[in-house]
Amino acid sequence: MGVTTMADGKRGAGPRVLVIRCGAVGDTVLATCVLDPILARWPDARIEWLATPASAALFGADPRIARIHRLRHRKLPIPLSPTKRQLVRESRADPFALVLNLETADYFRRLAHTVAAKRVVGFGDGAVWQHRHGVENHRAVLTVAGFAAAAAAAVPRLVGAAAPAGLPPRFVALHPGNSHSGATRANIRAWPAPRWVELNRRLVAAGVATVITGAPNEAELAAEVAAVGGLDLAGRTDLPTMAGVMEKAALLVCTDTGPVHIAAAVGTAVIGLYGPTRPTHTAPYGRPGQVQLIRHDIECGPCYGTPRHKTCTDNRCMQLITVDEVFDAVLVRWQQEDLTTGNTGI
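Not measured: the values here are computed from a predicted model.

Peer 1: Which parts of the structure should I look at to understand the overall build of the protein?
Peer 2: On a plain count of helices and strands, the protein comes out with 15 helices and 13 strands. Taken over C-alpha atoms, the radius of gyration comes to 21 Å for the protein, in line with the 20 Å a tight globule of 346 residues would show. Taking the principal axes of its C-alpha atoms as reference, the protein extends roughly 60 × 45 × 35 Å. For the protein, the proportion of its 346 residues judged to be buried stands at 51%. Accessible surface, the protein as shown: approximately 14700 Å² in total, 54% of it carbon and sulfur. Of note, the protein has its 38 positive side-chain charges centred 9 Å away from the centre of its 28 negative side-chain charges.

So this is what it looks like as structure tokens:
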């Protein structure tokens with residue numbers, strides 16, 4: 001039925017809470033900002049999450065989640081969806097104390113009100129969705145649900161698995177792919193592959209250890225980048241292990257895709273290469289100074305989510321980002337980290 005009960009998940013006798021967020025990896029990472037506020041008020045809460053199968057993997061090492069419901073088809077009506085039917089059926093025997101619906105689609109609102117629950121809070125149910133950062137919208141839901149004291153400071157946080165053996169003692173992670181890698185449509189969020197190769201070559205020549213990460217469909221690109229040096233882990237880690245790798249990294253360089261949010265959510269410094277997407281809505285969320293974005297304003301951007309982006313064949317917004325500026329930014333951050341660790345730098 002697409003349900004996973006976490007072996008080490010919380011089994012308290014406290015309130016049963018359902019979080020509905022069936023987005024991509026980055027969207028789901030941002031939504032994790034609701035978890036710690038819930039547990040601060042209800043330490044023994046049994047938190048369950050309705051997620052896409054891909055994003056559900058994020059919680060593989062997270063003890064805060066008691067149960068994951070994997071939803072393969074978001075739009076299927078309840079009678080045709082085994083996962084939705086099971087949620088409704090089980091809730092009648094064991095109602096939820098609270099449903100936090102972090103989705104905006106009507107079919108999720110119908111599900112939230114069909115599930116047996118003492119209270120449903122979401123967009124259209126007390127909270128108002130606005131054109132702002134996802135975390136700010138989730139904080140609004142938390143506030144309406146009664147978690148106002150913790151909502152103001154709520155930030156995304158992930159619990160990763162142990163990193164694999166053999167990582168350099170100190171390294172910069174490079175993630176050259178993104179969620180559109182290998183897709184048939186134009187990958188307008190991509191930074192050109194030759195620039196990733198050149199960036200890695202310069203870093204290795206400067207004495208900076210690099211680790212190249214990526215999903216299985218990004219392995220070819222990662223191998224091209226790693227051919228000039230560094231450790232290639234593309235396709236060799238699941239999401240919790242990738243989070244563990246990111247947590248060990250001194251810094252991640254990445255475009256606007258899931259791993260940039262994963263790294264920020266485990267506390268790692270991030271340099272994000274942004275072009276067609278809106279940083280005001282999708283930037284990684286972290287402590288002051290943790291996240292640095294490199295981007296260039298142009299007359300047609302940001303265009304992501306508009307009709308213009310569907311016809312874009314020349315992502316100048318990404319091509320304007322030079323190897324020089326990224327390399328210089330990495331060196332500055334690398335040396336700043338040296339000051340805090342006592343290392344002498346490169």
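Peer 1: In this structure, what is going on with helix α10 (residues 239-248)? I would like to understand it.
Peer 2: Within an α-helix, residues lying three or four positions from one another point in the same direction, as the helix has 3.6 residues per turn. With 8 of 10 residues buried, α10 lies mostly within the body of the structure. The set of residues buried in α10 consists of Leu239, Pro240, Thr241, Met242, Ala243, Gly244, Val245 and Met246.

Peer 1: So what exactly am I meant to see when it comes to the pattern of salt bridges here?
Peer 2: Think of it this way: side chains of opposite charge can pair up when their charged atoms draw near. Per the stated rule, a full pass over the model turns up 16 salt bridges. Close ionic contact of Arg64 with Asp62 constitutes a salt bridge, the shortest N to O distance being 2.7 Å. Here Arg202 makes a salt bridge to Glu198, at a shortest N to O gap of 3.0 Å. With Arg202 and Glu198 both in helix α8 (residues 193-205) and 4 residues apart, this pair spans about one turn of that helix. Accessibility expressed as a relative area gives 22% for Glu198, which makes it partly exposed.

Peer 1: Would you explain the packing of aromatic side chains in this entry?
Peer 2: What describes a pair of aromatic rings is the distance from one ring centre to the other and the angle between the planes of the rings. The full count for this structure, using the stated rule, is 4 aromatic pairs. With 4.8 Å between their ring centres and 40° between their planes, Trp49 and Phe59 make a pair best called tilted. Of this pair, Trp49 sits in strand β3 (residues 46-51) while Phe59 sits in the loop between α3 (53-56) and β4 (65-70), and the two are 10 residues apart along the sequence. Note on accessibility: Trp49 and Phe59 belong to one class, buried. The lysine or arginine in question, Arg202, covers the ring of Phe327, its NZ or CZ lying 6.0 Å from the ring centre.

Peer 1: Any chance you could explain the sheet that holds strand β9 (residues 210-212) here in plain terms?
Peer 2: Neighbouring strands of a sheet are bound in pairs by backbone hydrogen bonds; such pairs are parallel or else antiparallel. Pairing within the open sheet is parallel, and its 6 strands lie in the order β10-β9-β8-β11-β12-β13. In this open sheet, the two strands that pair with only one neighbour each are β10 (231-232) and β13 (291-294). With 3 bridges joining them, strand β8 (residues 172-175) and β9 adopt parallel strand pairing. Among the inter-strand pairings, Ala173 is bridged to a residue of β9, identified as Val211. In this fold α8 packs onto β8, β9, β11 (251-255) and β12 (269-273), with an angle of close to 170° to the strand it touches most, β8.

Peer 1: Just to check I follow, could you spell out the pairing of β12 for this structure?
Peer 2: The side chains of a regular strand alternate between both faces of the sheet. When you tally the buried positions in β12, you get 5 out of 5 residues, the bulk of the element. Going residue by residue along β12, you find Ala269, Ile271 and Leu273 tucked away on one face and Val270 and Gly272 tucked away on the opposite face as well. Judged from the 5 bridges that link them, β11 and β12 form a sheet pairing that is parallel. Bridge pairing in β12 places Leu251 opposite Ala269. Where the polypeptide runs from β11 across helix α11 (residues 258-265) and back to β12, its parallel neighbour, the crossover connection is right-handed. By the bridge criterion, 4 bridges tie β12 to β13 in an arrangement that is parallel.

Peer 1: Can you walk me through the packing of α8 against helix α9 (residues 219-226) in this structure?
Peer 2: Helix-helix packing: each pair is described by the crossing angle between the helix axes and the interaxial distance. Viewed as axis vectors pointing N to C, α8 and α9 meet at an angle of 40°, and their least axial separation amounts to 8 Å. Taken as axis vectors, α8 and α9 run oblique relative to one another. Of the two elements, α8 crosses α9, and the hand of that crossing is right-handed. Where α8 abuts α9, its residues Ala193, Trp196, Val197 and Asn200 lie against Leu221, Glu224, Val225 and Ala226. Per-class residue counts for the contact of α8 with α9 are 6 nonpolar, 1 polar and 1 charged.

Peer 1: It is not clear to me how α11 should be interpreted in this structure. Could you clarify?
Peer 2: Burial of α11 is extensive: 8 of the 8 residues sit out of reach of the surface. Turning to α11, its buried residues number three or more, namely Gly258, Pro259, Val260, His261, Ile262, Ala263, Ala264 and Ala265. On the buried face of α11, the contacting elements are α1 (25-31), β8, α10, β11, β12 and α12 (279-282). Trailing α11 by a residue or two, Gly267 shows a phi angle of about 95°, which is positive.

Peer 1: I would appreciate a short explanation of the side chain of Glu103 in the present structure.
Peer 2: Topologically, Glu103 is positioned in the loop between β5 (98-101) and α5 (106-114). Of the polar contacts made by the side chain of Glu103, one reaches the side chain of Arg21; its length is 2.9 Å. Residues in contact with Glu103, not counting those within four places in the same chain, are Ile20, Arg21, Cys22, Gly23, Arg74, Phe108 and Phe123.

Peer 1: Would you mind showing me how to read the environment of Ala112 here?
Peer 2: Looking at where Ala112 falls in the secondary structure, it is placed in helix α5. Each C-alpha atom of the pair Ala112 and Gly122 lies 8.9 Å from the other, and the pair is 10 residues apart in sequence. Those residues in contact with Ala112, other than ones at most four positions away along the chain, are Ile20, Val99, Asn101 and Val120.

Rules used in this analysis
- Residues numbered from 1 in each chain as written.
- Predicted model: local features only at pLDDT ≥ 70, side-chain atom pairs only at ≥ 80, totals over all residues.
- Heavy atoms only, no water.
- Helix = DSSP H or I, 4+ residues; strand = E, 2+ residues; numbered from the N terminus.
- Rg over C-alpha atoms; globule rule 2.2 N^0.38 Å.
- Buried < 20%, exposed > 50% of the residue type's maximum accessible area, 1.4 Å probe, protein only.
- Areas by Shrake-Rupley, 256 points an atom, 1.4 Å probe, with all protein chains shown as cover.
- Lys, Arg positive; Asp, Glu negative; His and termini not counted.
- Charge placed at Lys NZ, Arg CZ, Asp CG, Glu CD.
- Salt bridge = Lys/Arg side-chain N within 4 Å of Asp/Glu carboxyl O.
- Phe/Tyr/Trp six-rings, centres within 6.5 Å; stacked < 30°, edge-to-face > 60°.
- Lys NZ or Arg CZ within 6 Å of the ring centre and 35° of its normal.
- Pairing = 2+ DSSP bridges.
- Contact = heavy atoms within 4.5 Å.
- Axes fitted to C-alpha atoms, helices over the stretch in contact; angles between N-to-C directions.
- Right-handed = clockwise from strand over helix to strand, strands pointing away.
- Parallel < 35°, antiparallel > 145°, perpendicular 65-115°, else oblique.
- Left-handed = near helix turned anticlockwise from the far one by under 90°.
- Nonpolar A, V, L, I, M, F, W, Y, C, P; charged D, E, K, R; others polar.
- Polar contact = N/O pair within 3.5 Å; in protein donor to acceptor, adjacent residues only side chain to side chain.

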